[in-house]
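# Residue-level structural notes
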Amino acid sequence: MFGLVLSGGGLRGAVHVGFLSVLDNAGIKPDLIVGSSAGSIAAALYASDVAAIFQAEEIKTKDLPSPFKLDWRLLFVPCSLLRHILGKFFGLPKGLFSGTHFEWALRQFISIENFQHLKVPIAVVTCDITNGMPVVFTSLRPVVNTADIIFTSSGTVVEAVRASSSIPGLFAPKKIGNRLLVDGGVVNNCPADIARYLGATKVVAVDLGFSVKEEHPPDNAVEILLQSTEIMGQRVSDLITAKYADLTLRPDTGEVSLIDLAEIPRLYKLGRRLAEDNLPAIKRLFAGK
């Protein structure tokens, strides 16, 4: 069973889309995709068979998307921010965003509600902010029982992805059932262990890491919060991938801020190159060699 793991990383999640497009064109179909935060968005889009995104040879760079015309690239920037990003002025938020606009945008692309009906099984990692417990949404049953992770198939795909992408302090947690859920990267940003627990015998992980900002240090509260969270989670990701992934790919994305929409075409192409450069190794792993 071949498992693909896609880490969180904000806008840099566009790398995952390019990566998946090359695998798809090469006929390499994961038996399971596990995603956290931005990785969950890419996993859900792929498993929902949004074919046009993954069959494109390139992402056009000519125009930034209009706020009146929905574009899949905007899913990697929670849509509650678009009024600031695409408007005349950009300022720090005065309070928590509800996440309802982002959830609405997800529904425009992900029409499949139940995890059981996706073309490829996926697992979406979230964190219960009340007790710190990882909560994983998937249609699969774990083959390894662990008391410190909750596996569930309740809730819709969109709800789970919205929860997995809810950055604490910036977006309101998503309530599903009696759980209050936030970004999966809080507990497990590159969840290779989850792939193993769900039965994957071969695991490839794409770990976006954190964006090094030596030339342009974070200069506002939002960027500092995001950068701090990513740095704290990176050591955990390194330990998990070292133990549970057969192959871990770490693309050098360079500096990418929360609002660098113009970087998405470059990141998409970077994801394609990452897959193309590592395709022989992935094929050997996929063939069980």
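Residues numbered from 1 in each chain as written. Predicted model: local features only at pLDDT ≥ 70, side-chain atom pairs only at ≥ 80, totals over all residues. Heavy atoms only, no water.

The next point concerns the overall build of the chain. For the chain, the count of helices and strands is 9 helices and 9 strands. A burial count over the chain gives 54% of its 289 residues as buried. Long-range contacts, defined here as pairs at least 24 residues apart, represent 73% of the contacts in the chain between residues at least 6 apart. (Helix = DSSP H or I, 4+ residues; strand = E, 2+ residues; numbered from the N terminus. Buried < 20%, exposed > 50% of the residue type's maximum accessible area, 1.4 Å probe, protein only. Contact = heavy atoms within 4.5 Å.)

In this model, helix α9 (residues 264–286) (23 residues) spans only 28 Å end to end at C-alpha, well below the 33 Å of a helix rising 1.5 Å per residue. At Leu 279, α9 shows its strongest bend, of approximately 60°, with the proline Pro 280 following within four residues. Just past α9, the residue Gly 288 takes up positive phi, approximately 80°. (Expected span 1.5 Å × (residues − 1). Bend = angle between axes of the 7 residues up to and from the residue.)

As enumerated under the stated definition, the model contains 2 aromatic pairs in all. Consider the rings of Phe 2 and Phe 286, whose centres lie 5.4 Å apart with planes at 75°: the pair is edge-to-face. Note that Phe 2 is positioned in strand β1 (residues 2–6) and Phe 286 in helix α9, a separation of 284 residues in sequence. By relative accessible area, Phe 286 is classed as partly exposed at 37%. Judged by centre distance (5.9 Å) and plane angle (75°), the rings of Tyr 197 and Tyr 244 are edge-to-face. Of the two residues, Tyr 197 is situated in helix α7 (residues 192–197) and Tyr 244 in helix α8 (residues 221–244); the sequence distance between them amounts to 47 residues. For Tyr 197, a relative accessible area of 14% gives the class buried. Residue Tyr 244 is classed as buried on the basis of its relative accessible area of 17%. (Phe/Tyr/Trp six-rings, centres within 6.5 Å; stacked < 30°, edge-to-face > 60°.)

Its place among the elements puts Thr 130 in the loop between β3 (122–128) and β4 (134–138). Residue class for Thr 130 comes out exposed when judged on its relative accessible area of 59%. There is a polar contact of 2.5 Å between the side chain of Thr 130 and the side chain of Asp 128. (Polar contact = N/O pair within 3.5 Å; in protein donor to acceptor, adjacent residues only side chain to side chain.)

With respect to the element layout, Ser 37 can be found in the loop between β2 (32–36) and α2 (38–47). If near-sequence neighbours (up to four positions away) are discounted, Ser 37 is found in contact with Gly 8, Ser 164, Ser 165 and Asp 183.

On to the nonpolar core, then. Nonpolar side chains tend toward joint burial in soluble globular proteins. Within the largest apolar cluster, 52 residues are counted, with the highest numbers of intra-cluster contacts made by Leu 4, Phe 19, Ile 33, Phe 115, Ile 122 and Phe 137. Broken down by element, this core gets its largest block of residues, 9 residues, from α9. Each residue touching Phe 19, except ones within four places of it in the same chain, is listed here: Leu 4, Val 206, Leu 249, Gly 271, Arg 272, Leu 274, Ala 275 and Ile 282. (Core = buried A, V, L, I, M, F, W, Y, C linked by side-chain atoms within 4.5 Å.)

Here the idea is simple: oppositely charged side chains can pair when their charged atoms come close. A full pass over the atoms with the stated rule returns 9 salt bridges. Its salt-bridge partner being Arg 107, residue Glu 103 comes within 3.0 Å of it at the nearest N-O pair. Taken together, the positions of Glu 103 and Arg 107, both in helix α5 (residues 100–109) and 4 residues apart, correspond to about one turn of that helix. You can call Glu 103 buried: its relative accessible area is 10%. For Arg 162, the salt bridge identified is with Glu 103, shortest N-O distance 3.6 Å. Taken together, the residues Arg 162 in helix α6 (residues 157–164) and Glu 103 in helix α5 connect sequence positions 59 residues apart. By relative accessible area, Arg 162 is classed as buried at 4%. Because the salt bridges share partners, they merge into one network encompassing Glu 103, Arg 107, Arg 162 and Lys 174. (Salt bridge = Lys/Arg side-chain N within 4 Å of Asp/Glu carboxyl O.)

Mean pLDDT over the chain stands at 82; residues scoring 70 or higher make up 76%. Throughout residues 61–70 the model reports pLDDT below 50, and contacts reaching past four residues in sequence, or to other chains, amount to 14 contacts. Per-residue pLDDT stays below 50 along residues 79–90; that stretch engages in 29 contacts with residues further than four places along the chain or on separate chains. (pLDDT = per-residue confidence, 0-100.)

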